[in-house]
Amino acid sequence: LPACTLETDDGEPVNPTGAGNAYSGALSALLGTGSSLLEAATIATGVGAAVCEYEQLPPWTWEVLDRIYSGSNEVKESLTSRSSL
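All values derive from a computational prediction rather than experimental measurement.

Here is what the cut-offs are and how they apply
- Per chain, residue numbering runs from 1 following the sequence as it is written.
- This being a predicted model, a pLDDT of at least 70 is required before a residue's local features are given, and a value of 80 or more before pairs of side-chain atoms are given or counted; all residues contribute to the totals for chains, interfaces and linings.
- Think of the side-chain values as coming from all heavy atoms in the structure, minus any hydrogens and water.
- The quantity known as pLDDT measures the predictor's confidence residue by residue, on a range of 0 to 100.
- A helix here means a DSSP run of H or I that spans at least four residues, while a strand means a run of E at least two residues long, and both kinds are numbered starting from the N terminus.
- The residues that make up patches have over 30% relative accessible area and no salt bridge, and they are joined within 9 Å when like-charged or within 5 Å when they are Val, Leu, Ile, Met, Phe, Trp or Tyr.
- Method for areas: the Shrake-Rupley scheme with a 1.4 Å probe, in which residue coverage is limited to the protein chains shown.
- The term salt bridge refers to a side-chain nitrogen of Lys or Arg lying within 4 Å of a carboxyl oxygen of Asp or Glu.
- Think of it in three bands: residues with accessible area under 20% of the maximum for their type are buried, residues over 50% are exposed, and the middle band is partly exposed, with areas taken using a 1.4 Å probe on protein chains only.
- We call two residues in contact whenever any of their non-hydrogen atoms come within 4.5 Å of each other.

1. So, the confidence of the model for the protein
For the protein, per-residue confidence averages 95 on the pLDDT scale, and residues scoring 70 or more make up 98% of the total. Element-level mean pLDDT values for the protein span from 94 in helix H3 (residues 62-83) up to 98 in helix H1 (residues 19-32).

2. Describing a nonpolar patch on the surface
A contiguous nonpolar surface patch, about 430 Å² in accessible area, is contributed by Trp-60, Trp-62 and Leu-65. Positionally, Leu-65 belongs in helix H3. On the basis of relative accessible area, Leu-65 is assigned to the partly exposed category, the value being 38%.

3. A word on the side chain of Thr-45
Tracing the backbone through its elements, the reader meets Thr-45 in helix H2 (residues 37-52). Contacts of Thr-45, omitting those with residues within four sequence positions, involve Leu-1, Pro-2, Ala-3, Cys-4, Tyr-23 and Val-75.

Quick look at the structure:
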């Protein structure tokens, strides 16, 4: 899967610590609740990106949840445009 764009001032991670664990946890939880692999992986990519955008763990606010949603949609759109080539 492609990565989603980081929403930081310079587009670089603030602190990537824990992003892989967050991705794995989200992927496992989503697969465990019946999501398709594609749906789970795109959402998990948004979770991993959100974790990279904060010095510590991100606050679990509506703003962060919207960020995860937008990251997931960015990955889905990227996959769709690649498959139409």
